[in-house]
Amino acid sequence: MGIGMVTVELKGLSKAFGSRVLFRDVELKLHSGQCLVVTGRNGSGKTTLLRIIAGLARPSRGQVVITDGAGAMDPSRLRKHLGLVAPDLVLYDELTALENLFFFARIRGIPPDQDRSEALLEYVGLQGRGGELVGTFSSGMKQRLKYAYAIQHSPSVLLLDEPTTNLDDDGVEMARRVITAQRERGVLVLATNNAEETAYGDQVLRLG
Amino acid sequence: MATRSFAWAEGPAAVLWKDLQAEYRTRYAVNAVVVFAVTTLAVVSFCAQAAAAGPELLSPLLWLILLFSAMSGLSRTFVREEETKTANALRLSADPNTVYLGKLTFNALLLGLLDLIVVPLYIVMMDVRVGNPALFVAILIAGSLGLVSASTLVAAIVAKASVRGALFSVLSFPILIPVLVAAVQGTEAALRGVPWAQVSPTLKVLVMFTVVMVTAGLWLFEHVWYEA
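Please read all numbers here as calculations on a predicted model, not as lab measurements.

Analysis parameters
- Residues numbered from 1 in each chain as written.
- Chains lettered and ligands numbered in written order.
- Predicted model: local features only at pLDDT ≥ 70, side-chain atom pairs only at ≥ 80, totals over all residues.
- Heavy atoms only, no water.
- Contact = heavy atoms within 4.5 Å.
- Buried area = accessible area lost by both parts, 1.4 Å probe.
- Salt bridge = Lys/Arg side-chain N within 4 Å of Asp/Glu carboxyl O.
- Polar contact = N/O pair within 3.5 Å; in protein donor to acceptor, adjacent residues only side chain to side chain.
- Helix = DSSP H or I, 4+ residues; strand = E, 2+ residues; numbered from the N terminus.
- Nonpolar A, V, L, I, M, F, W, Y, C, P; charged D, E, K, R; others polar.
- Pairing = 2+ DSSP bridges.
- Phe/Tyr/Trp six-rings, centres within 6.5 Å; stacked < 30°, edge-to-face > 60°.
- Buried < 20%, exposed > 50% of the residue type's maximum accessible area, 1.4 Å probe, protein only.
- Lys NZ or Arg CZ within 6 Å of the ring centre and 35° of its normal.
- Axes fitted to C-alpha atoms, helices over the stretch in contact; angles between N-to-C directions.
- Parallel < 35°, antiparallel > 145°, perpendicular 65-115°, else oblique.
- Left-handed = near helix turned anticlockwise from the far one by under 90°.
- Arc of directions from axis to C-beta.

Asker: Quick rundown of the interface of chain A and chain B? Include the residues and the values.
Answerer: Taken together, the 25 residues of chain A in the interface contact 28 residues of chain B. Across the chain A/chain B interface, buried area totals approximately 2,500 Å², and carbon plus sulfur atoms make up 56% of it. In this assembly, chain A and chain B are joined by three salt bridges. The partner of Arg80 of chain B in a salt bridge is Glu94 of chain A, and the shortest N-O contact between them spans 3.4 Å. Our count for the contact surface shared by chain A and chain B stands at 13 residue pairs in polar contact (both at pLDDT 80 or more). Those elements giving two or more residues to the side of chain A that touches chain B turn out to be helix 1 (46–54), strand 6 (82–85) and helix 3 (97–107) of chain A. The residue inventory of the side of chain A that touches chain B, partitioned by class, reads 15 nonpolar, two polar and eight charged.

Asker: Would you mind going over the sheet that holds strand 4 (residues 61–68) of chain A in detail, with residue names and values included?
Answerer: Residue and element names in this part refer to chain A. Read from one edge of the open sheet, four strands run 2-1-4-5, paired in antiparallel fashion. Either end of the sheet is taken by a strand with one partner, and the two such strands are strand 2 (20–31) and strand 5 (71–72). One ladder, built from two bridges, connects strand 4 with strand 5; its direction is antiparallel. When the bridges of strand 5 are listed, Asp68 appears paired with Gly71.

Asker: I'd love a proper account of the packing of aromatic side chains, names of residues and values included.
Answerer: For the structure shown, the criterion picks out nine aromatic pairs over all chains. With centroids separated by 5.8 Å and ring planes inclined at 80°, the aromatic side chains of Tyr92 of chain A and Phe103 of chain A adopt a geometry described as edge-to-face. Separated by 11 residues along the polypeptide, Tyr92 of chain A in the loop between strand 6 and helix 3 and Phe103 of chain A in helix 3 bring together distant segments of the chain. Summarising the burial analysis for this pair, Tyr92 of chain A and Phe103 of chain A share the class buried. Aromatic side chains Phe221 of chain B and Trp225 of chain B sit 5.5 Å apart centroid to centroid with 20° between the ring planes, which places their arrangement in the stacked category. On the criterion of helical spacing, the pair formed by Phe221 of chain B and Trp225 of chain B is a turn pair, its members being four residues apart in helix 10 (residues 196–225). Accessibility classification places Phe221 of chain B together with Trp225 of chain B in one group, the buried group. Three or more aromatic residues link up through ring pairs in this structure, and these residues are Tyr92, Phe103, Phe104 and Tyr149 of chain A. The cationic tip of Arg177 of chain A hangs over the ring face of Tyr123 of chain A; the distance from NZ or CZ to the ring centre is 5.2 Å. When the ring centre of Phe78 of chain B is taken as origin, the NZ or CZ atom of Lys103 of chain B, which lies over that ring, is 5.7 Å away.

Asker: Can you tell me about the pairing of strand 2 of chain A, naming the residues and giving the values?
Answerer: Where a strand is regular, its side chains alternate between the two sheet faces. All names here are of chain A. Bridge count for strand 1 (residues 7–17) against strand 2 is eight bridges, and the pairing is antiparallel. Residue pairing in the sheet places Leu13 in a bridge with Val26 of strand 2. Hairpin connection of strand 1 to strand 2: two residues between the antiparallel strands, including Gly18 at a positive phi of 65°.

Asker: Tell me about the packing of helix 3 of chain A against helix 5 (residues 139–151) of chain A, and name the residues and values.
Answerer: Residues and elements named next belong to chain A. At a minimum axis separation of 10 Å, helix 3 and helix 5 run at an interaxial angle of 25°. Classed by the angle they form, the pair helix 3 and helix 5 counts as roughly parallel. The handedness of the crossing between helix 3 and helix 5 comes out as right-handed. Touching Ala97, Asn100, Leu101 and Phe104 of helix 3 are Leu145, Ala148 and Tyr149, all from helix 5. Residue composition of the contact of helix 3 with helix 5, by class: six nonpolar, one polar and no charged.

Asker: How would you summarise helix 4 (residues 114–123) of chain A if you had to cite specific residues and measurements?
Answerer: At 3.6 residues per turn, the α-helix brings residues three or four places apart onto the same side. Residue and element names in this part refer to chain A. Residues Ser117, Leu120 and Leu121 constitute the buried set of helix 4. Projected down its long axis, helix 4 carries its buried residues within an arc of 100°, all on one side. Away from its buried face, by an angle of more than 90 degrees, helix 4 presents the exposed residues Asp115 and Glu122. Contacts from the buried residues of helix 4 go to helix 3 and helix 5. After helix 4 finishes, the residue Gly125 shows a positive phi value of roughly 85°.

Asker: How would you summarise the side chain of Gln143 of chain A if you had to cite specific residues and measurements?
Answerer: All names here are of chain A. Examined against the element boundaries, Gln143 turns out to sit in helix 5. Overall, Gln143 belongs to the buried group, its relative accessible area being 4%. Sequence-distant contacts of Gln143, that is, excluding residues within four places in its chain, are made with Val85, Glu162, Pro163, Thr165 and Leu167.

Asker: I'd like to hear about the packing of helix 4 (residues 55–73) of chain B against helix 7 (residues 96–125) of chain B, residue by residue, with values.
Answerer: Residues and elements named next belong to chain B. At a minimum axis separation of 11 Å, helix 4 and helix 7 run at an interaxial angle of 145°. Note on packing geometry: the crossing formed by helix 4 with helix 7 is right-handed. Residues Leu58, Leu61, Leu62, Ile65, Leu66, Ser69, Ala70 and Gly73 of helix 4 pack against Leu110, Leu111, Leu114, Asp115, Val118, Val119 and Tyr122 of helix 7. For the contact of helix 4 with helix 7, the residue count by class is 12 nonpolar, two polar and one charged.

Asker: Any details on the pattern of salt bridges? Residues and values, ideally.
Answerer: Residues and elements named next belong to chain B. Summed over the entire model, instances satisfying the criterion amount to 19 salt bridges over all chains. The salt bridge involving Lys103 is made with Glu81; its shortest N-O contact spans 2.6 Å. On the criterion of sequence distance, the pair formed by Lys103 in helix 7 and Glu81 in helix 5 (residues 76–83) is long-range, its members being 22 residues apart. Side by side, Lys103 and Glu81 carry an identical accessibility label, which is buried. Of the charged contacts in the structure, one is a salt bridge between Arg91 and Glu82, with a shortest N-O distance of 2.5 Å.

Below, the structure written as structure tokens:
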């Protein structure tokens, strides 16, 4: 799915819930190879900002423009080029890990591939667990599976909200590998308060 | 080239297959629908048999059982996605109409299963004599599709609300009145053995209702599915 240079531009982005303003007039531009780190106290709007970039929420004002060599992406094309790992993004407990990956591959228009899916599970540290129901997974294993889901289609824009939540040391190392690989492939946006993860940022946006 | 012709169906088929797998493992919707239907049917059969009900009563009773059973289960396909927070992964990955068509087909199969269980039981328990069986089946299929087409869209609307159950019924009933009236009239005619030609306007109403609701669903679903 890689499509060369990608640009993510936030133009005058504002979000308010009633009279409570989360952020106002956020302006920034990210190019392929760059990482934006969004920090701020709890409730400052980090997750909301990522949801807006992903198209899961609408801004009160302003817009997000994601472009590649073929021009600005509409929602249909954006779905093929965007990956998200977030606490409020959950995969299907009643399916196995492999069934989850096959399902999301099919609705993304990618032919389900057993070898590739198993390789992906191995990459995130879930080798040999593909046939188990996700409902039986620990929270750390579910977080690893979210990574497999998010990078399955080699997205040019990857959004990671609290990327190391629930992960053990090996999991954190896996997350680092994903982050490094994404910086070579496209744009990365991290929402975190972890000082070590903040160091990845070419740009840092502090909210709240 | 033949496979490309059906490429548009791959996504909805994936959503349908995923829902069937999940339903097979959890019986989340089937249990609710079937238990409600059989319980209602048992109560109705005790009361109505004593009254020696004719087609004018048997027909609305059948559709009441189907309607309320459907109301207890058809919303769950969307509600469950919101409750378990899997809806966001679906929104991020699938075209809205892919989701809508997959869920619509799942609900159609669920109501088809309900029809297969309830209608034979109803005929036996209520000692129903069907004068025109082919017409009866046609009205049943058309009426069920009408129910499914309207309630699937309403289910998507209410899934994000906090009082889903009440809202689903409140929003569904006004929309479903035309399909219920037509289905009750058509079923009564089929029970009396009225010929096809006399009932074809009713059948057309049911088919047109379904076509209009599915078209509206394909047009509106994207706005319903994404956060306002």
